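Working through the structure, step by step
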Amino acid sequence: MTAPPVSQLLDLTGKVAVVTGASSGIGRGIAERFAEAGAAVMVHYRSGRAEAEALVGELPKGHAVGGDLCAVDAVEHLFEETERSLGPADILVNNAGIYPMHSILEAPAEAWQEVVDANLRTTHLCTQSLARSLTKRGAGGAVVNIASIEGLHPAPLHSHYNAAKGAILMYTRSAALELGPHRIRVNAVSPGLIWREGIEEAWPEGVLAFETRAPLGRLGRAEDVADACLFLASDASRWTTGANLVVDGGVLTAKAF
Ligand SMILES: NC(=O)c1ccc[n+]([C@@H]2O[C@H](COP(=O)([O-])OP(=O)(O)OC[C@H]3O[C@@H](n4cnc5c(N)ncnc54)[C@H](OP(=O)(O)O)[C@@H]3O)[C@@H](O)[C@H]2O)c1
């Protein structure tokens, strides 16, 4: 494969990208950035229909579809609707996830499982659906899984989330191994703490601790994560698969004691 010119490295023109959980936060940032790079974007949402449809209105080419991606039917519907409205998907970003807090001593079994499923099961079901479609078409593609620094370094009250994100990192390598021969690359992005509306008021001590410990001295922004995803979805990373790109302002380099 010859390397494209630098000006085309991040160009997604002609590609169809599915971004899960894209009605808010990081997913929204990824959808916007991919659209800017030329992709037609499927903006998936679970409860944020109005936000997803408003975002689609701002993109050159996009469509919105809802659904709980723990359900196989909803995943099939997402990819069928993508093909019907935009064409068959080439790129998938598994961004959907939840991160409530529960202690190990008190977590109800269902709540614990819900966190694992919303992060890990959705990632597998969507990856499988895209991979089946790509292999049937004989086409290559790219999957980017949004993990977290908590998949590498545990945070308190997040045993379910830490475990699910750690599992996503190993799932990423497993999928890279199995799907590479089909020209499907699978990589992960592990963000640190990302700014969202009201976070300074809701969690001042967390923000201060992060800003103090991270060598780059600030919270991340959705665009910081989106650009890492763009690299891994594009030809710029054509020989990278099974990797985990940590995007955390360097906070994991902070001394442990
Ligand atoms: N924010 C951070 O600091 C941070 C740091 C590291 C990693 N991450 C990861 O980045 C991703 C996005 O986080 P965010 O902070 O941007 O959160 P967010 O704004 O709450 O976005 C998460 C999206 O995922 C959707 N979702 C959750 N469970 C789902 C399910 N079962 N089926 C379908 N959609 C589902 C949510 O739908 P609803 O709106 O209906 O809930 C929402 O649209 C997550 O995977 C998160 O773990 C975030």
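It should be emphasised that the depicted structure is a prediction, and the values quoted were computed from it without experimental measurement.

Contact geometry of helix H4 (residues 109-137) with helix H5 (residues 159-179) gives a least axis separation of 8 Å together with a crossing angle of 15 degrees. What the angle tells us is that H4 and H5 run roughly parallel. The interaxial crossing formed by H4 with H5 has right-handed handedness. Taken together, the residues of H5 that come into contact with H4 (itself represented by Ala111, Trp112, Val115, Val116, Asn119, Leu120, Thr123, His124, Thr127 and Ala131) are Ser159, His160, Tyr161, Ala164, Lys165, Ala167, Ile168, Tyr171 and Leu179. Per-class residue counts for the contact of H4 with H5 are 12 nonpolar, 6 polar and 1 charged.

For the ligand, the set of nearby residues contains 29 residues, the closest of which are Ser24, Ser47, Asn95, Tyr99 and Tyr161. Arg46 is positioned with one of its side-chain polar atoms (N or O) 2.9 Å from an oxygen atom of the ligand. Backbone polar atom of Leu69 to a nitrogen atom of the ligand: 2.9 Å apart, as the coordinates give it. Contact with the protein chains covers 88% of the free accessible surface of the ligand, which is 890 Å². For the shell around the ligand, the secondary-structure elements that each account for two or more residues are helix H1 (25-36), H4 and H5. Counted by class, the shell around the ligand contains 13 nonpolar, 12 polar and 4 charged residues.

This next bit is on the sheet that holds strand E4 (residues 91-94). The 7 strands are arranged E3-E2-E1-E4-E5-E6-E7 in an open sheet whose pairing can be described as parallel. Each edge of the open sheet carries a strand with a single partner, namely strand E3 (62-66) and strand E7 (244-247). Here the average twist between neighbouring strands, direction ignored, is 20 degrees. Here E4 pairs with strand E5 (residues 141-146) via 4 bridges, running parallel. Bridge pairing in E5 places Ile91 opposite Ala142. On the sheet, H4 packs against E4, E5 and strand E6 (184-191) and is oriented at approximately 175 degrees with respect to E4.

Before going further, it helps to spend a moment on the pattern of salt bridges. Throughout the structure, instances matching the rule amount to 8 salt bridges. Among the salt bridges present, the one from Glu81 reaches Arg84, with a minimum N-O distance of 2.8 Å. Here Arg84 and Glu81 lie together in helix H3 (residues 72-85), a separation of 3 residues that amounts to about one turn. Members of the salt-bridge network, linked through shared partners, are Arg28, Glu32 and Glu58.

Time to look at the nonpolar core. Counting 33 residues, the largest nonpolar core has Ile30, Phe34, Val41, Val43, Val93, Val189 and Cys229 as its most contacted members. Contributions of two or more residues to this core are made by strand E1 (16-19), H1, strand E2 (40-45), helix H2 (49-58), E4, E5 and helix H8 (222-233). Broken down by element, this core gets its largest block of residues, 7 residues, from H8. For Phe34, the residues in contact, after removing those within four places along its chain, are Leu12, Ala17, Ala39, Val41, Ile91, Val93, Ala226, Cys229, Leu230 and Ala233. Among the nonpolar cores identified, the runner-up in size contains 25 residues, and Val16, Met42, Leu130 and Ala131 belong to it.

What follows concerns the side chain of Thr172. Take Thr172: it is sitting in helix H5. Among residues more than four places away in sequence, those in contact with Thr172 are Asn145, Val186, Asn187, Ala188, Gly242 and Ala243.

A contiguous patch of negative charge, built from Asp73, Glu76, Glu80 and Glu83, is present on the exposed surface. Within the fold, Glu76 resides in helix H3.

Moving on, we come to a nonpolar patch on the surface. A grouping of Leu10, Phe231 and Leu245 is seen on the molecular surface, where their side chains present a nonpolar patch of about 220 Å² in accessible area. Accessibility expressed as a relative area gives 32% for Phe231, which makes it partly exposed.

Rules behind the numbers
Residues numbered from 1 in each chain as written. Predicted model: local features only at pLDDT ≥ 70, side-chain atom pairs only at ≥ 80, totals over all residues. Heavy atoms only, no water. Axes fitted to C-alpha atoms, helices over the stretch in contact; angles between N-to-C directions. Helix = DSSP H or I, 4+ residues; strand = E, 2+ residues; numbered from the N terminus. Parallel < 35°, antiparallel > 145°, perpendicular 65-115°, else oblique. Left-handed = near helix turned anticlockwise from the far one by under 90°. Contact = heavy atoms within 4.5 Å. Nonpolar A, V, L, I, M, F, W, Y, C, P; charged D, E, K, R; others polar. Near = heavy atom within 4 Å. Polar contact = N/O pair within 3.5 Å; in protein donor to acceptor, adjacent residues only side chain to side chain. Areas by Shrake-Rupley, 256 points an atom, 1.4 Å probe, with all protein chains shown as cover. Pairing = 2+ DSSP bridges. Salt bridge = Lys/Arg side-chain N within 4 Å of Asp/Glu carboxyl O. Core = buried A, V, L, I, M, F, W, Y, C linked by side-chain atoms within 4.5 Å. Buried < 20%, exposed > 50% of the residue type's maximum accessible area, 1.4 Å probe, protein only. Patch = residues over 30% accessible without salt bridge, like charges linked within 9 Å, V, L, I, M, F, W, Y side chains within 5 Å. Lys, Arg positive; Asp, Glu negative; His and termini not counted. Charge placed at Lys NZ, Arg CZ, Asp CG, Glu CD.

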